[in-house]
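Read off the chains here:
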Number of protein chains: 2
Amino acid sequence: MTAHLATSETEAGCTTCKSRKNGLCGRLSDQVRERVAARAQIVSYPANRRICGGEGDSSDVVILRSGYVRTQHHTLSGRRQIMAIARPGQTVGQENEERNEHEIEAITPVSVCRLERLEFEQLLSREPGLCRALCNQMVTRLDETRRLTWILGALESNQRLRAFLLLSRNWMDWAPQPDGTGVLTMILPRRDIADLLATTPETISRLLRQLHAQGLIEILSPRQFRLCDIPGLADGLDMVIPL
Amino acid sequence: MTAHLATSETEAGCTTCKSRKNGLCGRLSDQVRERVAARAQIVSYPANRRICGGEGDSSDVVILRSGYVRTQHHTLSGRRQIMAIARPGQTVGQENEERNEHEIEAITPVSVCRLERLEFEQLLSREPGLCRALCNQMVTRLDETRRLTWILGALESNQRLRAFLLLSRNWMDWAPQPDGTGVLTMILPRRDIADLLATTPETISRLLRQLHAQGLIEILSPRQFRLCDIPGLADGLDMVIPL
DNA sequence: CGCATTGTTGATCTATGTCAAGGACCGTGG
DNA sequence: CCACGGTCCTTGACATAGATCAACAATGCG
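From a predicted model like this one, the values you see are computed outputs, not experimental measurements.

A.B. asks: Please give an account of the sheet that holds strand 6 (residues 80-86) of chain B that cites residues and values.
C.D. replies: Ordered by their spatial adjacency, four strands build an open sheet running 3-8-5-6 (chain B), and the pairing between neighbours is antiparallel. Two strands close off the open sheet at either side, each with one partner strand: strand 3 (50-52) and strand 6 of chain B. The average angle at which neighbouring strand axes cross in this sheet is 35 degrees, direction not considered. Inspection of the sheet shows strand 5 (residues 69-74) of chain B paired to strand 8 (residues 103-106) of chain B by four bridges, in the antiparallel sense. Bridging from a neighbouring strand, Arg70(B) pairs with Glu105(B) of strand 8 of chain B. The strands that helix 4 (residues 128-154) of chain A touches are strand 5 and strand 6 of chain B; relative to strand 6 of chain B, the one it contacts most, it runs at about 140 degrees.

A.B. asks: Now, about the protein's contact with DNA strand D: what can you tell me, with residues and values included?
C.D. replies: The environment of DNA strand D is formed by 16 residues, the closest being Ser157(A), Thr199(A), Thr203(A), Arg190(B) and Arg209(B). One of the side-chain nitrogen or oxygen atoms of Ser157(A) is found 2.8 Å away from a phosphate oxygen of DNA strand D. At a separation of 2.3 Å, a phosphate oxygen of DNA strand D approaches a polar side-chain atom of Arg209(B). Among the elements of the structure, helix 7 (201-213) of chain A together with helix 7 (201-213) of chain B are those that each provide at least two residues to the surface near DNA strand D.

A.B. asks: Quick one: what's the story with the packing of aromatic side chains, residue by residue and with numbers?
C.D. replies: Residues and elements named next belong to chain A. Under the counting rule described, the total for this entry stands at two aromatic pairs over all chains. Centroid distance Tyr 68 to Trp 171: 5.5 Å. Interplanar angle 55 degrees. Geometry classified as tilted. Separated by 103 residues along the polypeptide, Tyr 68 in the loop between strand 4 (61-66) and strand 5 (69-74) and Trp 171 in the loop between helix 5 (157-168) and strand 10 (173-176) bring together distant segments of the chain. Of the two residues, Tyr 68 and Trp 171, both sit in the buried class. The side chain of Arg 169 reaches across the aromatic face of Trp 174, ending 5.7 Å from its centre.

The rules behind these values
- Residues numbered from 1 in each chain as written.
- Chains lettered and ligands numbered in written order.
- Predicted model: local features only at pLDDT ≥ 70, side-chain atom pairs only at ≥ 80, totals over all residues.
- Heavy atoms only, no water.
- Pairing = 2+ DSSP bridges.
- Helix = DSSP H or I, 4+ residues; strand = E, 2+ residues; numbered from the N terminus.
- Axes fitted to C-alpha atoms, helices over the stretch in contact; angles between N-to-C directions.
- Contact = heavy atoms within 4.5 Å.
- Near = heavy atom within 4 Å.
- Polar contact = N/O pair within 3.5 Å; in protein donor to acceptor, adjacent residues only side chain to side chain.
- Phe/Tyr/Trp six-rings, centres within 6.5 Å; stacked < 30°, edge-to-face > 60°.
- Buried < 20%, exposed > 50% of the residue type's maximum accessible area, 1.4 Å probe, protein only.
- Lys NZ or Arg CZ within 6 Å of the ring centre and 35° of its normal.

Structural data, given as structure tokens:
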């Protein structure tokens, strides 16, 4: 279980980076982005590998190039809660500060830009553009985390799952059809869905069957759902579902 | 139900402001703080008054001078979830962006500095110090919101209440005694505790009695608790409780 | 072809939401 | 001084959503 596997790519990786127009990087000017990149190291991780947090950790700041990571926390009793899922273009780790409360793990294979925390902090002071972009991103993350808080606190599990399916359209493969339905490719296994929505894989499974029985979705395969009745799925959520 | 009641204080209110050393303002240099204050209007609200969010709203940015506010959201079915509680020195409203998803209400009587959103955004671009301070604050808020997400998702209600009591020491009146116990003055009514912890006032009441029966707390009055056994209260929370 | 992982289904039990009633406390007005 | 209404808190009875445990099916991999 080595720390991580460095790729052969050089540091001038922005040109090949598909998310240089997204998230944090997308809000930086080309010069600032290059100056950040000059201090970053590109690293890849396989699915389920720990990226930061937990025990002996270099506490770096990480910008996601590709793939998805989960910010989570474990109970001694084995319970896990996923607090956030980060997409390409988002930063991870700088919000962890001194105490390493959360573990951050790859969901899919990921590629990241790693920066040492200290260097990142210095860059932040020197580059107002970076600071502004980070601030904007933090607003977005806060908003997303509050939405999850709302989902967990105010909705029952059936509603949670429906909200999750609808929100997933924003960051998973979503193929809308002319008839208003669409096919969603779920990247999370049942266990992760459950730990995000604070329930169990068994319940997720049962609820999916129930949504199917109600004609709201079709289960094409364990990881592919057709959302047949989007207004029906959104019913009673009292929630702004972007997209 | 008028919008709000302006106080007689002038705009040079920083000198009289007890939280000018806390939160956002505490991280600004004196000059920057003065320049921000020059654009702010000091306003007071009684308890339970809406401060921003909801229907017709000026969508200002607000810095809390004194008192506490809650960021919350309602279901059509009447369920409410409190997503965050802000203390003096914290900003509120700038994270709301365009869509006004949350309502923000005074818990206690509050005094705030109001800034128009546009002016605030301009200040943010002109003053790197403000941007840096805001960025730091957003990190803190994100952290707190994630902690709430954790509490709601991973803990059962008994544990939620214990975590809440322990965390409350950081921002409510907390009088520690030499013997290791201490008296906590609860500023939230049962209803608010319930809506923060995603349960009901009835359950909160029962759980408090239960903690009392276990010798963990003493209920001096509905709003005053002696925390008798702090390690006992923290038991099984698997959580970093600051302080 | 095992073997491990992931997903599904069934049976059971309990924590807690809901409804209903009543108590404690406070301010107001007679 | 008391009666009144309001808010907040507490207690009891009851129903049920969903966690847990256990078994098994489906899938993928060496």
